[in-house]
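Read off the chains here:
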Amino acid sequence: AQSVTQLGSHVSVSEGALVLLRCNYSSSVPPYLFWYVQYPNQGLQLLLKYTSAATLVKGINGFEAEFKKSETSFHLTKPSAHMSDAAEYFCAVSDQGFQKLVFGTGTRLLVSP
Amino acid sequence: DAGVIQSPRHEVTEMGQEVTLRCKPISGHNSLFWYRQTMMRGLELLIYFNNNVPIDDSGMPEDRFSAKMPNASFSTLKIQPSEPRDSAVYFCASSPDRTDTQYFGPGTRLTVL
């Protein structure tokens, strides 16, 4: 069965610092992987997706993620945090394309001035 | 273009009452998904439809839950009778087809007293 583990329920960074949110997956077949962001009282918005093409995926708002099969990881990074990045971030995996996503428990990113 | 529309945004009801949540997907989208988000269990897929047909309802917690999609522009998730443990945020999402990104609505926050 597919699953996702997000290490750290909360991550705190200073504005301008590197953002690193960790995601490890488990899947019996080559997976599709996704990062979503959720702002308070809003639905989820897709940041980026991996669908077996390039292993380094660039998304919106300056975020990117690298698929590492050997490490079963898909960590999300951003070189310089902005106050507006404060939100909850979800990693998701699917072994059925875009249909049946399994989400991680989420990581709340806190950005301090 | 309007995004996914969910109503009501907030619902407070008493245990034993029937609750109906509504979703209008993005026009032209052929797939529709219902999710539930709780602190304990995170974000879970309840059921999804392709072309108005339910494809996978394995995530529906029990017979008290039912979902319908009578046409391409409307879906309902019904809970009868409701229980306090059903308190959660329920999200609806739609995608253009089974090979594309899911777009989430703002959610309905349900509180069952």
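Residues numbered from 1 in each chain as written. Chains lettered and ligands numbered in written order. Predicted model: local features only at pLDDT ≥ 70, side-chain atom pairs only at ≥ 80, totals over all residues. Heavy atoms only, no water.

> Can you lay out the overall build of chain A for me, pointing to particular residues and giving the numbers?
When helices and strands are counted, chain A shows 0 helices and 12 strands. N-terminal to C-terminal, the α/β element order of chain A is β-β-β-β-β-β-β-β-β-β-β-β. Here chain A has a C-alpha radius of gyration of 13 Å; the compact-globule value for 113 residues is 13 Å, and the two agree. Dimensions of chain A, computed from the C-alpha atoms along their principal axes, are close to 40 × 25 × 20 Å. When burial is assessed residue by residue, chain A has 46% of its 113 residues classed as buried. Once local pairs closer than 6 in sequence are excluded, the contacts in chain A between residues at least 24 apart make up 57%. Taken as a whole, chain A presents about 5,300 Å² of accessible surface, with 53% of it coming from carbon and sulfur. One way to put it: in chain A the 8 positive side-chain charges average out to a point 5 Å from where the 7 negative ones average out. (Helix = DSSP H or I, 4+ residues; strand = E, 2+ residues; numbered from the N terminus. Rg over C-alpha atoms; globule rule 2.2 N^0.38 Å. Buried < 20%, exposed > 50% of the residue type's maximum accessible area, 1.4 Å probe, protein only. Contact = heavy atoms within 4.5 Å. Areas by Shrake-Rupley, 256 points an atom, 1.4 Å probe, with all protein chains shown as cover. Lys, Arg positive; Asp, Glu negative; His and termini not counted. Charge placed at Lys NZ, Arg CZ, Asp CG, Glu CD.)

> Which residues make up the side chain of His75 of chain A, and what values go with them?
Residues and elements named next belong to chain A. Topologically, His75 is positioned in strand E9 (residues 73-78). Its relative accessible area of 19% is what places His75 among the buried residues. A distance of 2.9 Å separates the side chain of His75 from the backbone nitrogen of Cys23, its partner in a polar contact. Sequence-distant contacts of His75, that is, excluding residues within four places in its chain, are made with Leu20, Leu21, Arg22, Cys23, Asn24, Trp35, Glu64, Ala65 and Glu66. (Polar contact = N/O pair within 3.5 Å; in protein donor to acceptor, adjacent residues only side chain to side chain.)

> Outline the pairing of strand E4 (residues 31-38) of chain B, listing residues and values.
All names here are of chain B. Buried residues dominate E4, accounting for 8 of its 8 residues. Alternating residues of E4 divide into Ser31, Phe33, Tyr35 and Gln37 and Leu32, Trp34, Arg36 and Thr38, and every residue in both groups is buried. The loop that links E4 with its antiparallel partner strand E5 (residues 42-50) comprises 3 residues. Relative to strand E9 (residues 88-95), E4 runs antiparallel, the two sharing 7 bridges. (Pairing = 2+ DSSP bridges.)

> Residues and numbers for the sheet that holds strand E8 (residues 74-79) of chain B, please.
Residues and elements named next belong to chain B. Spatial strand order, E1-E3-E8-E7: 4 strands in an open sheet with antiparallel pairing. Both outer strands of the open sheet, strand E1 (5-7) and strand E7 (65-71), are each paired with one neighbouring strand and no more. Neighbour-to-neighbour, the strand axes of this sheet turn through a mean angle of 15°, independent of strand direction. With 5 bridges joining them, E7 and E8 adopt antiparallel strand pairing. Bridge pairing in E8 places Lys68 opposite Thr76. (Axes fitted to C-alpha atoms, helices over the stretch in contact; angles between N-to-C directions.)

> Would you mind going over the packing of aromatic side chains in detail, with residue names and values included?
On inspection of all chains with the given rule, the structure shows 14 aromatic pairs over all chains. Geometrically, the ring pair formed by Phe34 of chain A and Tyr36 of chain A is tilted, given 6.4 Å between the ring centres and 35° between the ring planes. (Phe/Tyr/Trp six-rings, centres within 6.5 Å; stacked < 30°, edge-to-face > 60°.)

> How would you explain the state of the cysteines if you had to name every residue and give the values?
Scanning the entire structure with this criterion turns up 2 disulfides over all chains. Between the sulfur atoms of Cys23 of chain A and its disulfide partner Cys91 of chain A the distance amounts to 2.0 Å. Judged by the sign of its S-S torsion, about -60°, the cystine formed by Cys23 of chain A and Cys91 of chain A is left-handed. Of this pair, Cys23 of chain A sits in the loop between strand E3 (19-21) and strand E4 (24-26) while Cys91 of chain A sits in strand E10 (residues 87-94), placing them 68 residues apart in sequence. Residue classification places Cys91 of chain A among the buried positions, given a relative accessible area of 0%. Disulfide pairing is shown between Cys23 of chain B and Cys92 of chain B; the S-S distance is 1.9 Å. Taking the sign of the S-S torsion, -65° for the link of Cys23 of chain B and Cys92 of chain B, the bridge is left-handed. Separated by 69 residues along the polypeptide, Cys23 of chain B in strand E3 (residues 19-24) and Cys92 of chain B in strand E9 bring together distant segments of the chain. Its relative accessible area of 0% is what places Cys92 of chain B among the buried residues. (Disulfide = S-S within 2.5 Å.)

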